[in-house]
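Read off the chains here:
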Amino acid sequence: MLERSSTAERVADALRAQIVDGAMAPGTRLSEEAIGSALGVSRNTLREAFRLLSHERLLVHEFNRGVFVAKPTAEDVTDLFRVRRALELSALRGATDADDAAIARVGAAVEEGTAALNGGDWWGVGMANMHFHQAIAGLADSPRTDEIVDRLLAELRLVFHVMAAPRDFHVPYLEQNREIYQLLSDGAAHQAAERLADYFDVAERQLVDAFAELEQPA
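Just so we're clear, the structure is a prediction, and the values are computed from it rather than from any experiment.

Trainee: An account of the nonpolar core is needed here, citing residue identities and associated values.
Mentor: Counting residues in each nonpolar core, the largest one holds 65 residues, and the members touching the most others are Leu92, Leu139 and Leu207. Here the element with the most residues in this core is helix α9 (residues 189-215); it accounts for 12 residues. Other than its neighbours up to four places away in sequence, leucine 207 contacts Val77, Phe81, Leu156, Val159, Phe160, Val162, Met163 and Phe169.

Structure follows, in C-alpha cells:
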C-alpha cells in the first residue's frame with residue numbers, strides 16, 4: 001500500500017503539471033484507460049491519484065460519467081484571491097530581511113516573463129507570472145506556505161482559461177511584476193506589498209467580470 005501511495009503521488013504530480021501547463025482545459029474528461037496505459041500504472045493507483053487531485057479541487061468525479069478537470073466559478077476566483085492576499089502579501093511585508101537568493105528568484109521570474117514576451121509566447125508569460133508569485137510566497141521561507149500557494153496557483157491556472165485573449169490579460173502584469181521586484185530589491189518591501197495588493201484587486205475584478213460575461217445568455 002505504501003508503494004502504491006507513493007506511485008499515486010507521482011502520477012498526481014504528472015497530471016497536475018499537465019493541468020498547470022494548460023494541456024488539460026476545464027471540463028476535460030480523463031480516460032482511465034488512456035492515462036493508465038501512458039503512465040504504466042494500475043487502475044487502483046490511477047484512481048488514488050485522481051482522489052488526491054480531487055482534494056486539491058483540480059479534478060471532480062461525476063457519478064456514472066467519470067472524472068473531469070474542474071471548472072472554476074467566479075466564487076472560486078474570489079476565494080482564491082482571498083487566500084492569496086493572506087499568504088503572498090504577508091510574505092512580501094515580512095521580506096525586509098529576505099536573503100539575496102530568495103529575492104533573486106523573484107527577479108528571475110520577471111526575466112523569464114520578458115523572454116516569453118519577446119518570443120510571443122503568451123502562455124509562457126502566464127507561466128512566468130506563476131513562477132513570480134511562487135517566488136513571492138517563497139520569501140516567507142515556509143515550506144507549508146510554498147505548498148499551499150502551489151496548489152492555489154494550479155487552480156488559478158484553470159481560471160485563466162476563461163480569458164479569451166491571454167496576451168491582453170497577462171502582458172500588462174509583467175511590468176507590474178518588475179515594479180514590485182524593483183521595490184523589493186531596493187528594500188521597500190512594504191511598498192511592494194501595497195503595489196501587489198492593488199494588482200490583486202485589478203486581476204480579481206478582471207477575472208470575475210470575465211466569468212460574468214461568460215455566464216450571460218447568448
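Trainee: Before we move on, could you go through the sheet that holds strand β1 (residues 29-30) and cite the residues and values that matter?
Mentor: Sheet architecture is open: three strands sit in the order β1-β3-β2, paired in antiparallel fashion. Each of the sheet's edge strands pairs with one partner strand only, and the pair in question is β1 and β2 (59-62).

Trainee: Give me the lowdown on the pattern of salt bridges, citing residues and values where you can.
Mentor: For the structure shown, the criterion picks out 16 salt bridges. Of the charged contacts, one joins glutamate 32 and arginine 43 as a salt bridge, the two residues approaching to 3.1 Å between their closest N and O atoms. In this pair, glutamate 32 sits in helix α2 (residues 32-39) while arginine 43 sits in helix α3 (residues 43-55), placing the two residues 11 residues apart along the sequence. Overall, the relative accessible area of 18% leaves glutamate 32 in the buried class. Notably, a salt bridge pairs glutamate 179 with arginine 195, separated by 3.0 Å at the nearest N-O pair. Here glutamate 179, found in helix α8 (residues 166-185), pairs with arginine 195, found in helix α9; they are 16 residues apart in sequence, far enough to count as distant. Overall, the relative accessible area of 33% leaves glutamate 179 in the partly exposed class.

Cut-off values and rules
- Residues numbered from 1 in each chain as written.
- Predicted model: local features only at pLDDT ≥ 70, side-chain atom pairs only at ≥ 80, totals over all residues.
- Heavy atoms only, no water.
- Core = buried A, V, L, I, M, F, W, Y, C linked by side-chain atoms within 4.5 Å.
- Buried < 20%, exposed > 50% of the residue type's maximum accessible area, 1.4 Å probe, protein only.
- Helix = DSSP H or I, 4+ residues; strand = E, 2+ residues; numbered from the N terminus.
- Contact = heavy atoms within 4.5 Å.
- Pairing = 2+ DSSP bridges.
- Salt bridge = Lys/Arg side-chain N within 4 Å of Asp/Glu carboxyl O.

The values reported here are purely geometric and, on their own, carry no functional implication.
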